[in-house]
Each structure stands twice: as structure tokens, then as C-alpha cells.
There are 2 protein chains.
Amino acid sequence: MPAQQPSLDAIFSALADPTRRAILGMLLEDDMAVTDVAAPFEMSLAAISKHLAVLAAAGLIRQERRGRIIWCKLEPDGLRNASVWMQGFGQFEPVDLDDFERFLREALPLADGDDAQP
Amino acid sequence: MPAQQPSLDAIFSALADPTRRAILGMLLEDDMAVTDVAAPFEMSLAAISKHLAVLAAAGLIRQERRGRIIWCKLEPDGLRNASVWMQGFGQFEPVDLDDFERFLREALPLADGDDAQP
DNA sequence: CCCATATTCAACCGGCAAGTTAAGCAAAGC
DNA sequence: GCTTTGCTTAACTTGCCGGTTGAATATGGG
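In the annotation of an unreviewed UniProt entry, chain A is listed under the name Transcriptional regulator, ArsR family and assigned to Paracoccus denitrificans.

When you go through chain A residue by residue, the secondary structure sums to six helices and three strands. Ordered by position from N to C terminus, the α and β elements of chain A give α-α-β-α-α-β-β-α-α. Expressed as a percentage of its 118 residues, the buried residues of chain A come to 40%. Put simply, 51% of the contacts in chain A that link residues at least 6 apart link residues at least 24 apart.

Around DNA strand C, the structure places 20 residues, and the nearest of them are Thr35(A), Ser49(A), Arg20(B), Lys50(B) and His51(B). For DNA strand C, the fraction of atoms within 4 Å of the protein that belong to sugar or phosphate moieties is 68%. Within the side chain of Ser49(A), a nitrogen or oxygen atom sits 2.5 Å from a phosphate oxygen of DNA strand C. A distance of 3.3 Å separates a sugar or linking oxygen of DNA strand C from a polar atom in the side chain of Arg68(A). At the level of secondary structure, the elements contributing two or more residues to the surface near DNA strand C comprise helix H3 (34–38), helix H4 (45–57) and strand E3 (69–74) of chain A together with helix H4 (45–57) of chain B. Tallied by class, residues from the surface near DNA strand C come to nine nonpolar, six polar and five charged.

In this section: the sheet that holds strand E1 (residues 32–33) of chain B. Residues and elements named next belong to chain B. The strand order E1-E3-E2 describes an open sheet built from three strands, whose pairing is antiparallel. Edge positions in the open sheet fall to E1 and strand E2 (61–66), since each of these has one partner strand only. In this structure, E1 lies alongside strand E3 (residues 69–74), joined through two bridges in antiparallel fashion. Paired with Met 32 across the strands is Cys 72, a residue of E3. Seen against the sheet, helix H2 (residues 18–29) touches E1, E2 and E3 and runs at an angle of roughly 95° to E3.

Looking now at the pattern of salt bridges. In total, this model carries nine salt bridges over all chains according to the counting rule given. Residue Arg21(A) is joined to Asp9(B) by a salt bridge in which the shortest nitrogen-to-oxygen separation is 2.5 Å. Of this pair, Arg21(A) sits in helix H2 (residues 18–29) while Asp9(B) is found in helix H1 (residues 8–15), placing the two residues in two different chains. The exposure class of Arg21(A) is buried, given its relative accessible area of 11%. Taking the shortest distance from any N to any O, the salt bridge between Arg62(A) and Glu64(A) comes out at 2.8 Å. Salt bridges here are not isolated pairs; linked through shared partners, they connect Arg62(B), Glu64(B), Arg66(B) and Glu75(B).

It is worth spelling out the confidence of the model for chain A at this point. Reading fine detail from the predicted coordinates is not recommended where pLDDT is low. Residues at a pLDDT of 70 or more form 73% of chain A, whose mean pLDDT is 79. Note on residues 92–118 of chain A: pLDDT is under 50 here. Beyond four places in sequence and across chains, it has 23 contacts.

Close contacts around DNA strand D come from 21 residues, with Ser44(A), Lys50(A), His51(A), Thr35(B) and Ser49(B) the closest. One of the side-chain N or O atoms of Ser49(B) is found 2.4 Å from a phosphate oxygen in DNA strand D. Note that a base oxygen of DNA strand D is positioned 3.1 Å from one of the side-chain N or O atoms of Arg68(B). Breaking the surface near DNA strand D down by element, the ones donating at least two residues are H4 of chain A together with helix H3 (34–38), H4 and E3 of chain B.

Definitions and limits used
Residues numbered from 1 in each chain as written. Chains lettered and ligands numbered in written order. Predicted model: local features only at pLDDT ≥ 70, side-chain atom pairs only at ≥ 80, totals over all residues. Heavy atoms only, no water. Helix = DSSP H or I, 4+ residues; strand = E, 2+ residues; numbered from the N terminus. Buried < 20%, exposed > 50% of the residue type's maximum accessible area, 1.4 Å probe, protein only. Contact = heavy atoms within 4.5 Å. Near = heavy atom within 4 Å. Polar contact = N/O pair within 3.5 Å; in protein donor to acceptor, adjacent residues only side chain to side chain. Nonpolar A, V, L, I, M, F, W, Y, C, P; charged D, E, K, R; others polar. Pairing = 2+ DSSP bridges. Axes fitted to C-alpha atoms, helices over the stretch in contact; angles between N-to-C directions. Salt bridge = Lys/Arg side-chain N within 4 Å of Asp/Glu carboxyl O. pLDDT = per-residue confidence, 0-100.

Next up, the structure:
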């Protein structure tokens, strides 16, 4: 189970479901067994189990069995790629694309050897 | 059309589609007409039109008609809520600048035309 | 060993999302 | 005024998604 870097597709569509976001919120506080995760929701255990599978496939949680209990724990780095992707859009103000580019050229010393800018 | 604060559901599921993310990437460079947005994709204009509608409903872009052309422009604040939500999980530092750089270099291949490759 | 607990698997269903084509509108151009 | 250009709507197909139920699997306890 190399869990090879999940796609943004997987991550964002995992996040698109309110139940799954709620689960992530719960796991933020503490690791939980599947049954306990399911408790507050008004849907079958199987449904929650599927949701957890989706989250795991997206690399947002990890499930590890200890005894007959499967513990679900947040995988904090799972959100990193998505977060980084989003920051690319949100970071700059309305339409300061020029400013942004200038910032980039300064902030990226290793962009291309030298930033000889006439 | 007050465009009342779109839900996280709407935002994340809008972002879950690679075509839509690509569109956002294009609009990051410049405002575009619908037809021009559709050009690089191998799907019908109608399909792209729908994608744009989804993005607009999610508050990620705005479409305004001028003449017979409808201009699509990024709505940078549209990502803010989602970003904030995600930061809530950021037990990891807000945004790793290294990651940010890497993202930028991939996402903005042609952000400027002057200093091209030799 | 047998039973209870914990979780998934399998088969199924309704609904929605994404794509298609074809028709419909609106604004410009000749 | 008719045609062309730009875009949306409508109607339809297809496939996936989220849910259900019921059986299957694994583990721990008495």
C-alpha cells in the first residue's frame, strides 16, 4: 500500500461531502474507531465505512487495525497539496497580476539563473 | 443575484473536476471569453459553458456580458472560505514557502513572455 | 468452541453529474 | 433585414455516488 500521492481530484471530491468534512473535524480532536465515528451520524455503519475508505484513498486519513478495532487517524499532510494549490489563487489581491509576477521574480532566486530585467 | 455565499460543498465539488481547475488556471492569467476558454479542451462548447456555470455558482468566477461576449474572470475571494476551512486542519504551518514556489513554477509556465528560454 | 463485537463486502437502487447533439436567443455585421 | 457569431437551454444517455440491507470476515471473551 504505497498510497502513492493521491490526486487533487480525489482530495477535493473527498472534501466535497459534508459528512466527510465532519468526520475530518472529529478526527481533528482525536483518533477514533469506526463505530465511534459513525455514532453521531444518522446513517448506516456501512455508509460511514465507505466514507472512511474514500478519505483514506484521498490520503486524508489513515486506518490501522489494532485488535478488532480499526483506528482512524488524521493524515495532516494529506491536505497539503490541495492547500498549496489553493493558495496559488487566493494569495494575491484582486488583480495585481503584475505585482504578483514581480514578487515572484524576486521571491524565486532560483527561477532562471539570473533575473536580468532591462 | 446576490450570489449568496456559496457552500463549501459547492466550492469543493467545483474544484474536484480537473477541467474546472484547468479553467481556473487559465483565468489566473487573464480574463477570457467563453469560446476562448473552451478552445483548448476536447469537449463541446456547451459542456464548457456548464463547467463555467458551476464555477460561477461556486463563487469562483464571475461572468459579465459585454456586447455579445461574456467575459469570465476569476473571483479570487471565492476560494477564501475553503482556504480558511482547510487552514483549520493546518496543524502544519500555514503554507510552506517551498511548496508554494514549486507550485508556482508549475502553474505559471507562461506568466510572462519576455524572458523566455534561449 | 461458541458467541458477541467490529468492520467490511456484495448486490442493489435512486439520483445527480458530466457529456452529447440540436435547437434557441441575443448582439454585431453586412 | 438576414446571416453570422457567441453562448445558453433542452432533452437525452451514461456512469458514478451515496445510501440501504444482508451476509461475510476477523478478533476477543467466557
